[in-house]
Amino acid sequence: MPSLARSRRRAGRDALPAGQDGRSTRGAASGLRTLWTALGVLVIVVWIFPVYWMATTAFKSTPAMEADPPQLWPHTPTLIHFRKVVDDPLFWDAVRNSALVTGITVPVAVLVAFASALAIARFRFRGRGTYLAAVMLVQMVPHVALVVPVFLTLSDVGLSDSVPGLVVTYLAFILPFAVWTLRGFVASVPKDLEEAAMTDGCTRMGAFRRIILPLTLPGLIATSVYAMILAWNEYLFAYFILASPDKYTVPLWLTHFVTSEGADYGAMMAGSVIVSTPVVIFFMIVQRHLAAGLTAGAVKG
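Since this is a predicted model, take the numbers as computed values, not measurements. (Residues numbered from 1 in each chain as written. Predicted model: local features only at pLDDT ≥ 70, side-chain atom pairs only at ≥ 80, totals over all residues. Heavy atoms only, no water.)

Trainee: Now, about the packing of helix α9 (residues 191-199) against helix α10 (residues 204-233): what can you tell me, with residues and values included?
Mentor: Packed helix pairs are specified by the crossing angle of their axes together with the interaxial distance, meaning the distance between the axes. The contact between α9 and α10 brings their axes to 9 Å, and the two run at 140°. Comparing their axes, α10 and α9 come out oblique. Like other packed secondary-structure pairs, α9 and α10 cross with a definite hand, here right-handed. On the side of α9, the interface is formed by Leu193, Glu194, Ala197 and Met198, while α10 contributes Arg204, Ala207, Ile211, Ile212 and Leu215. Residues belonging to the contact of α9 with α10 are distributed by class as follows: seven nonpolar, no polar and two charged. (Axes fitted to C-alpha atoms, helices over the stretch in contact; angles between N-to-C directions. Helix = DSSP H or I, 4+ residues; strand = E, 2+ residues; numbered from the N terminus. Parallel < 35°, antiparallel > 145°, perpendicular 65-115°, else oblique. Left-handed = near helix turned anticlockwise from the far one by under 90°. Contact = heavy atoms within 4.5 Å. Nonpolar A, V, L, I, M, F, W, Y, C, P; charged D, E, K, R; others polar.)

Here's what the structure looks like:
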């Protein structure tokens, strides 16, 4: 009986016109690709629409923002909200503070994390596994649970309500991720390349400069982008650590548009557009290296 059933199915396939089975398969594959493409476009729209709404709201007048139905595009664009942001003296203080915090945090974090990643990936030492487990454990702790201990610690050493205190805090939370990420990039570089370079006459430092550093450059850039985004946009720790308005960072400065009388959404959106522009520009400059870095370290180390 099973043999008879298989014969009938084979006969049914043989009775199909030539090429019909192949066309059906290609049609099903094409339909599946179309479905996934539509799903991807939908996800992109959901992600981009809040950014689009922020940008267009910054150019709308107050009546246009309150219009019913909402205007998807500003019919009469205005720059009044941008002028309000630029004329605010605290805005430039916030930009300077954010630039200072980011400019210190990113190089220090990447440098220290890279040295640590080299030690973990290239050397075997006692406590190496424990160190890696501690790095992972730190990343698993919610930041909100550490706000009070961090604030009390900074207060004890006299670093609360200060930019250096904020830099130290950011380094403490950026370094574990940076170490773990850069470890993967360093581990992806075969040791044979270093050994061959040293066989040809390079010192260990020369092999590092000519072999490891160029091959891990995409990973360094990818880690730098992450560190920059976190340091530039971080709000929670800045809110609890900083108290003086002249020491606010940009995300914290944006909150002064929200008062007991309501929120100035136009100025808030204009400020958000201005402060997000440096990150976007930096990302556009390094996007080629970033794309390579996101996959270069995806190895088992």
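Trainee: An account of the side chain of Thr249 is needed here, citing residue identities and associated values.
Mentor: Tracing the chain through its elements places Thr249 in the loop between α11 (236-241) and α12 (250-253). The class for Thr249 is buried, based on a relative accessible area of 3%. For Thr249, the contacting residues outside a window of four places in its chain are Ala94, Ser98, Leu166, Glu234, Ala238 and Leu242. (Buried < 20%, exposed > 50% of the residue type's maximum accessible area, 1.4 Å probe, protein only.)

Trainee: Describe in detail the layout of surface pockets, supporting the description with residues and values.
Mentor: As a volume, the largest pocket reaches approximately 350 Å³. Lining the largest pocket are 15 residues; nearest its centre among them are Met54, Ser272, Ser276, Thr277 and Val280. Those elements that provide at least two residues to the lining of the largest pocket are α2 (20-57), α10, α12 and α13 (265-296). Per element, the largest residue contribution to the lining of the largest pocket is seven residues, and it comes from α13. Looking at side-chain class alone, the lining of the largest pocket contains 11 nonpolar, four polar and no charged residues. (1 Å grid on protein atoms, 1.4 Å probe; cavity = no way out; pocket = protein on both sides within 12 Å on 5 of 7 lines; lining within 4 Å. Points joined across faces, edges and corners; volume = space filled by probe spheres on them.)

Trainee: Go over the packing of helix α5 (residues 89-122) against α10 with me, naming the residues and quoting the values.
Mentor: Closest axis-to-axis distance for the α5/α10 pair is 9 Å, and the angle between their directions is 140°. Relative to α10, α5 is oriented oblique. The chirality of how α5 crosses α10 is right-handed. Contacts between α5 and α10 involve Ser98, Ala99, Thr102, Thr105, Val106, Val110, Phe114, Leu118 and Arg122 from the first element and Phe208, Ile212, Leu213, Thr216, Leu220, Ser224, Ala227, Met228, Ala231 and Trp232 from the second.

Trainee: Quick one: what's the story with a nonpolar patch on the surface, residue by residue and with numbers?
Mentor: Together, Leu32, Leu35, Trp36, Leu39, Leu42, Val43, Ile44, Val46, Trp47 and Ile48 make up a nonpolar patch on the protein surface, roughly 1,100 Å² of accessible area in all. Position of Ile48 among the secondary structure elements: in helix α2. By relative accessible area, Ile48 is classed as partly exposed at 47%. (Patch = residues over 30% accessible without salt bridge, like charges linked within 9 Å, V, L, I, M, F, W, Y side chains within 5 Å. Areas by Shrake-Rupley, 256 points an atom, 1.4 Å probe, with all protein chains shown as cover. Salt bridge = Lys/Arg side-chain N within 4 Å of Asp/Glu carboxyl O.)

Trainee: Talk me through the pattern of salt bridges; I want residue IDs and the actual numbers.
Mentor: Enumeration over the complete set of coordinates arrives at two salt bridges. With a shortest N-O distance of 2.8 Å, Asp264 and Lys84 are connected by a salt bridge. Here Lys84 lies in helix α4 (residues 80-86) and Asp264 lies in the loop between β2 (262-263) and α13, a separation of 180 residues in the sequence. A salt bridge links Asp93 to Arg96; its shortest N-O distance comes to 3.1 Å. Of this pair, Asp93 and Arg96 both sit in helix α5, three residues apart, which is roughly one turn of that helix.

Trainee: I'd like a description of the packing of aromatic side chains, backed by residues and values.
Mentor: Counting across every chain of the model gives 11 aromatic pairs. Taken together, a centroid distance of 4.9 Å and an interplanar angle of 70° make the contact between Phe91 and Trp92 edge-to-face. Under the relative-accessibility criterion, Phe91 is labelled buried at 2%. Residues Trp253 and Phe257 carry aromatic rings whose centres are separated by 5.2 Å and whose planes lie at 80° to one another, so their mutual orientation is edge-to-face. Take Trp253 and Phe257: they sit in the same class, and that class is buried. Taken together, Phe91, Trp92, Trp253 and Phe257 form an aromatic cluster joined through their ring pairs. Between Arg183 and the ring centre of Trp180, over which it is positioned, the NZ or CZ distance is 5.3 Å. (Phe/Tyr/Trp six-rings, centres within 6.5 Å; stacked < 30°, edge-to-face > 60°. Lys NZ or Arg CZ within 6 Å of the ring centre and 35° of its normal.)

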